[in-house]
Amino acid sequence: MFSAFYELSHYNQASLFVGACLRDQANASATSTIGCDDALACKKREPDLKRMDMGCTLTGSGKALPQLAVTNDDLAKIVDTSDEWIVERTGIHERHIAVEETSTDLAALAGKRAMDAAGLQPDEVDLLICMTITPDSVVPSEACLVKARLGLERAVAFDLNAACAGCVYGMEVAASMMEASALSRLGASSPLRISQGNAIKHALVIGVDRLSRITDWTDRTTCVLFGDGAGAVVLSWDDEAPGILSSFLENTDDPTLALACDQLRDLSTFPFADISQDDVCQIMAASLDEALPELERPRRASISMQGQKIFKWASKAMADAVMKACERADVPLDEVSLIVPHQANERIIRFSAKKLKFPVERMQISIGSVGNTSASSVLMALADAYAEGRIEGGDKVVLVGFGGGLTLGSLLFVA
Ligand code: UT7
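Residues numbered from 1 in each chain as written. Predicted model: local features only at pLDDT ≥ 70, side-chain atom pairs only at ≥ 80, totals over all residues.

Draft legend 1. Region of the structure containing the overall build of the protein. When helices and strands are tallied, the protein shows 13 helices and 14 strands. Out of the 415 residues belonging to the protein, those deemed buried represent 50%. Within the protein, counting contacts between residues at least 6 apart in sequence, those at least 24 apart form 80% of the total. (Helix = DSSP H or I, 4+ residues; strand = E, 2+ residues; numbered from the N terminus. Buried ≥ 20, exposed ≤ 12 C-beta atoms within 10 Å, placed from the backbone. Contact = placed C-beta atoms within 7 Å.)

Spelled out as structure tokens, the structure:
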């Protein structure tokens, strides 16, 4: 159970610019001395910390876990594994598995907790993004289901699939939409041609996954890793608060499908030819086979992973992404108070800390009681960090996620 109020901040280069221009606009109307009519004057203005007083702030955070906790010893009863192996290789002691809870149940609960923490009413939410690879249905999207459940009447809602990096991608999309909305308020004062879109002041961003539904429970190399859960944040535009200083997104091809999950559907009623369901699956996967002709891969709706390959890539990628976010914000790494990484393997987190020469005590490690929960992982760990009092106003915090695709993303914000 977790619910708290967080006064967080969110700001990037675009909002820095927006902040400078919007503030100048306010000054112009007040004093008629400084205006933003001259685009270059605005553009050339150097970033100044004192000016970073407007942005997309994080005002609430929450998480939700299914009731059932499954220990390593429980798993050792169904596959050839042991508590010792799992703890030593991953840092995981137990994970929560949704038996009766749906993705919508978990997402709505985490979202409600984040909204309560932010003091936000349902009719104030303008945008809902759900990051997930395990929605309850493809259409309506998970976000549409959660919007209906929470009564977010005004919100536009859609899903986003960036696998385990979903948290960073979702927050970046929400922040960009809010910044565009703020820029559009500049109207004629903006040096840019900004399209007029929805006004977005409050966004609910939820990561939810029930990996238990796409786990092969006979495969010990994957089933000991995954868990279910949801994490959420509320982002609100604030005219007087700093926020995200930088972000970094990167996609790397995964030509050997080191991390994959096919989507099988029941095609037994396929009406156009007298062929088997297997044949139809093969045909539907033809584009992938054409791209990867040599690849033998299992056709199944469960996660397959070449663990060591992902481990090697992730350990370096995570450190690189953290550095990119710091460089883009011009913030030295030692000024970062806390890194909240994707909880895939405690060894990856420790390895990255070592590579970064960053004290591991300043890495949030939450994997022990939840395992790898994919899109919810970073947001659940962030909720833990706040609940544990590890983030204070003014702290610089980096979120970093990586996963299937391959997807990679980091985001640096001032709390
Ligand atoms: O969120 C998406 C990103 N995912 C990740 O970042 C996961 C990255 N990969 C990893 O975290 C690790 O590679 C694993 C935890 C998946 C595996 O750890 P590892 O240290 O790389 O083990 P391994 O694959 O090298 O396997 C070592 C041995 C093998 O036995 P042999 O061939 O040496 O006899 C495996 O068969 O451990 C065996 N093994 C197990 N033994 C007991 C694999 N899984 C298990 C198990 N219990 N659950």
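Draft legend 2. Seen up close, the environment of threonine 134. Turning to its location among the elements, threonine 134 is positioned in the loop between strand S5 (127-131) and helix H6 (142-150). Assessed through the 20 C-beta atoms surrounding it within 10 Å, threonine 134 is described here as buried. When the C-alpha atoms of threonine 134 and serine 212 are compared, they prove to be 9.4 Å apart, with 78 residues separating the residues in sequence. Contact partners of threonine 134, with chain neighbours within four places excluded, come to Ser103, Asp209, Arg210, Leu211, Arg213 and Ile214.

Draft legend 3. View of the pairing of S5. In terms of burial, S5 is a largely internal element, five of the five residues being buried. Burial of the side chains of S5 extends over both faces: Leu127, Ile129 and Met131 are buried on one face and Leu128 and Cys130 on the other. Alignment of S5 against strand S6 (residues 156-160), held across five bridges, turns out to be parallel. Of the residues in S6, the one forming a bridge with leucine 128 is alanine 157. Handedness of the β-α-β unit built from S5, H6 and S6 comes out right-handed. (Pairing = 2+ DSSP bridges. Right-handed = clockwise from strand over helix to strand, strands pointing away.)

Draft legend 4. Expanded view of the sheet that holds strand S14 (residues 407-414). Here we have four strands laid out as an open sheet, ordered S9-S14-S13-S12, and mixed in their pairing. Strands with a single pairing partner mark the edges of an open sheet, and in this sheet they are strand S9 (244-251) and strand S12 (336-341). Averaged over all neighbouring strand pairs, the angle between strand axes comes to 10°, with direction disregarded. Summarising the sheet, S12 and strand S13 (residues 396-403) pair through five bridges and their orientation is parallel. Bridge pairing links proline 341 to valine 400 in S13. (Axes fitted to C-alpha atoms, helices over the stretch in contact; angles between N-to-C directions.)

Draft legend 5. Region of the structure containing the site of the ligand. Every one of the 19 residues lining the ligand counts as a neighbour, but Thr81, Gly307, Phe311, Ala344 and Asn345 are closest to it. Among the elements of the structure, helix H4 (83-90), helix H8 (220-223) and helix H11 (307-329) are those that each provide at least two residues to the shell around the ligand. Tallying contributions element by element places H11 first for the shell around the ligand, with five residues. Of the residues that constitute the shell around the ligand, the class distribution is nine nonpolar, eight polar and two charged. (Near = placed C-beta within 6 Å. Nonpolar A, V, L, I, M, F, W, Y, C, P; charged D, E, K, R; others polar.)

Draft legend 6. View of H6. For H6, the tally of buried residues reaches seven of nine residues, placing the bulk of the element in the interior. Among the residues of H6, Glu142, Ala143, Cys144, Leu145, Val146, Lys147 and Leu150 are the ones counted as buried. Where the residues of H6 are buried, they touch helix H5 (103-118), S5, S6 and strand S7 (202-210). Count one or two residues on from H6 and you reach glycine 151, which has phi positive near 65°.

Draft legend 7. Broad picture of the environment of glutamine 308. Within the element layout of this structure, glutamine 308 appears in helix H11. Taking the C-alpha atoms as reference, glutamine 308 lies 9.2 Å from alanine 258; in sequence the two are 50 residues apart.

Draft legend 8. Structural view of the packing of H5 against H6. The geometry of H5 relative to H6 is characterised by a closest axis approach of 9 Å and an angle of 60° between their N-to-C directions. If you check the angle between H5 and H6, you find them oblique. In this structure, the crossing between H5 and H6 has a hand that is right-handed. Contacts between H5 and H6 involve Ser103, Thr104, Ala107, Ala108, Gly111 and Lys112 from the first element and Glu142, Leu145, Val146, Arg149 and Leu150 from the second. Across the contact of H5 with H6, the residue classes break down as five nonpolar, three polar and three charged. (Parallel < 35°, antiparallel > 145°, perpendicular 65-115°, else oblique. Left-handed = near helix turned anticlockwise from the far one by under 90°.)

Draft legend 9. Region of interest: unusual backbone geometry. Here the residue pair valine 139 and proline 140 is connected by a cis peptide bond, since its omega of 0° sits within 30 degrees of zero. Mapped onto the secondary structure, proline 140 falls in the loop between S5 and H6. Residue glycine 405 is joined to leucine 406 through a cis peptide bond whose omega torsion reads 5°. Within the secondary structure layout, leucine 406 lies in the loop between S13 and S14. Phi is positive for aspartate 330, close to 60°, though the residue is something other than glycine. Residue placement: aspartate 330 occurs in the loop between H11 and S12. Exposure remark for aspartate 330: the 9 C-beta atoms within 10 Å place this residue in the exposed category. One non-glycine residue, serine 374, lies in the positive phi region at around 55°. Structurally, the position occupied by serine 374 is in the loop between helix H12 (346-356) and helix H13 (377-387). Looking at serine 374, the number of C-beta atoms within 10 Å reads 33, which means it is buried.

Draft legend 10. Spotlight on the environment of threonine 215. Tracing the backbone through its elements, the reader meets threonine 215 in the loop between S7 and H8. The class for threonine 215 is buried, based on 20 C-beta atoms found within 10 Å.

Draft legend 11. Inspection of the confidence of the model for the protein at higher detail. Per-residue confidence for the protein gives a mean pLDDT of 84; residues scoring 70 or more make up 77%. The model gives residues 1-52 a pLDDT under 50, and that stretch makes 108 contacts with residues more than four places away or in other chains. (pLDDT = per-residue confidence, 0-100.)

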